[in-house]
Amino acid sequence: MTNPTFKKKSTVEQIRRRFDNDVERFSNLQTGQSSTVDAPLALELMTSAASVTNPEASHLLDVGCGAGNYSLKLLEKLPNRDVTLIDLSRPMLMRAKARVQAVTNGRIHTHQSDIRELELGENQFDIIMAAAVLHHLREEAEWTTVFQKFFRALKPGGSLWISDLVTHTAVPIEQMMIERYGRYLTELKDEAYRDHVFAYIAAEDSPRPLLFQIDLLREVGFVQAEILHKNSVFAAFGAIKPMA
Ligand SMILES: C[S@@+](CC[C@H](N)C(=O)[O-])C[C@H]1O[C@@H](n2cnc3c(N)ncnc32)[C@H](O)[C@@H]1O
């Protein structure tokens, strides 16, 4: 049975349309997406962790690539690798492709698709990154299916890195963290901006706790899960597919 809260959330089509019109905001490699707390740090930690875990990587996958910031940063550390870019939004995907093409001699594959719908195959990628995208998954079954899909698609020894909005199971802690995030957004711009961000989170997003995601990574077969960073409602973390 569908959770009634999810029925009120934006459809995939509404989410796609919003991102179609938001390409510029995701095209700054220095700041990352500024509505994310510690965006440049998460970008740096995720790509550093991926590059030291799989220094011989030949094929990278960027899920919900947006304008390609995570691929660009990883290619600075692991130059000239093949890159597969996946995004719902065609304008995002085209911007990512153009930016990535400018910095790599590797092959670039693009898929305009919902990650839930796309078949990724088996043992294809050395590194998968999913930044600020999985919070669009709804029912627990979707999370399980997508994490299983990532596990299958990685080569043995490959790694998955996630940076995302997260929630907390203890209500007072969740409230405290949301208040902290509200103050961050107000200081970044103003209260109207805070309300704007909170409104689209309420309409579009269904994030899950960090520990829910770590448990699920282990459940689908990943090992050596690592938390790279956590600050208020944002976390960066990952795990490795065992060799055998
Ligand atoms: C918040 S942006 C993050 C972009 C990029 N990862 C970054 O951190 O700069 C989320 C991106 O995920 C895409 N997206 C949202 N839901 C998706 C889904 N179900 N499958 C694939 N892409 C999705 C959006 O179109 C958007 O470009």
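The structure contained in this document is the topic of the report that follows.

Reading the values: rules and limits
- Residues numbered from 1 in each chain as written.
- Predicted model: local features only at pLDDT ≥ 70, side-chain atom pairs only at ≥ 80, totals over all residues.
- Heavy atoms only, no water.
- Pairing = 2+ DSSP bridges.
- Helix = DSSP H or I, 4+ residues; strand = E, 2+ residues; numbered from the N terminus.
- Axes fitted to C-alpha atoms, helices over the stretch in contact; angles between N-to-C directions.
- Contact = heavy atoms within 4.5 Å.
- Phe/Tyr/Trp six-rings, centres within 6.5 Å; stacked < 30°, edge-to-face > 60°.
- Buried < 20%, exposed > 50% of the residue type's maximum accessible area, 1.4 Å probe, protein only.
- Near = heavy atom within 4 Å.
- Polar contact = N/O pair within 3.5 Å; in protein donor to acceptor, adjacent residues only side chain to side chain.
- Nonpolar A, V, L, I, M, F, W, Y, C, P; charged D, E, K, R; others polar.
- Salt bridge = Lys/Arg side-chain N within 4 Å of Asp/Glu carboxyl O.

**What about the sheet that holds strand β1 (residues 59-63)?**
Now for step 1: The seven strands are arranged β3-β2-β1-β4-β5-β7-β6 in an open sheet whose pairing can be described as mixed. Each having just a single partner strand, β3 (108-112) and β6 (223-231) make up the two edges of the open sheet. The mean angle between the axes of side-by-side strands here comes to 10 degrees, regardless of whether they run parallel or antiparallel.
Now for step 2: The sheet strands contacting helix α3 (residues 39-53) are β4 (125-131), β5 (154-165), β6 and β7 (234-240), and the helix crosses β5 at an angle near 175 degrees.
Now for step 3: Together, β5, β6 and β7 form the strand contacts of helix α9 (residues 210-219), whose direction differs from that of β7 by roughly 10 degrees.

**Some points on the packing of aromatic side chains**
Now for step 1: All told, the structure shown has seven aromatic pairs when counted by the stated rule.
Now for step 2: With 5.9 Å between their ring centres and 90 degrees between their planes, Trp-143 and Phe-212 make a pair best called edge-to-face. Placement of Trp-143 in helix α6 (residues 140-153) and of Phe-212 in helix α9 is noted, with a sequence separation of 69 residues between them.
Now for step 3: Judged by relative accessible area, Trp-143 falls into the buried class, the value being 0%.
Now for step 4: When its relative accessible area of 18% is taken as the criterion, Phe-212 is described as buried.

**Re the site of the ligand**
Now for step 1: Taken together, 19 residues surround the ligand, and among them Gly-64, Asp-87, Asp-114, Ile-115 and Ala-131 come closest.
Now for step 2: At 2.7 Å from a nitrogen atom of the ligand is found a main-chain nitrogen or oxygen belonging to Gly-64.
Now for step 3: Contact distances for the ligand include 2.9 Å between a nitrogen atom and a backbone N or O atom of Ala-131.
Now for step 4: Looking at the shell around the ligand residue by residue, the classes come out as ten nonpolar, six polar and three charged.

**What about the pattern of salt bridges?**
Side-chain pairs of opposite charge can arise whenever the charged atoms involved come near each other.
Now for step 1: As enumerated under the stated definition, the model contains 14 salt bridges in all.
Now for step 2: Of the charged contacts in the structure, one is a salt bridge between Arg-95 and Glu-24, with a shortest N-O distance of 2.7 Å. Note that Arg-95 is positioned in helix α5 (residues 90-101) and Glu-24 in the loop between α2 (12-20) and α3, a separation of 71 residues in sequence.
Now for step 3: Look at Arg-95 and you get partly exposed, because its relative accessible area is 27%.
Now for step 4: By sharing partners, the salt bridges in this structure join Glu-13, Arg-16, Arg-17 and Asp-20 into a single network.

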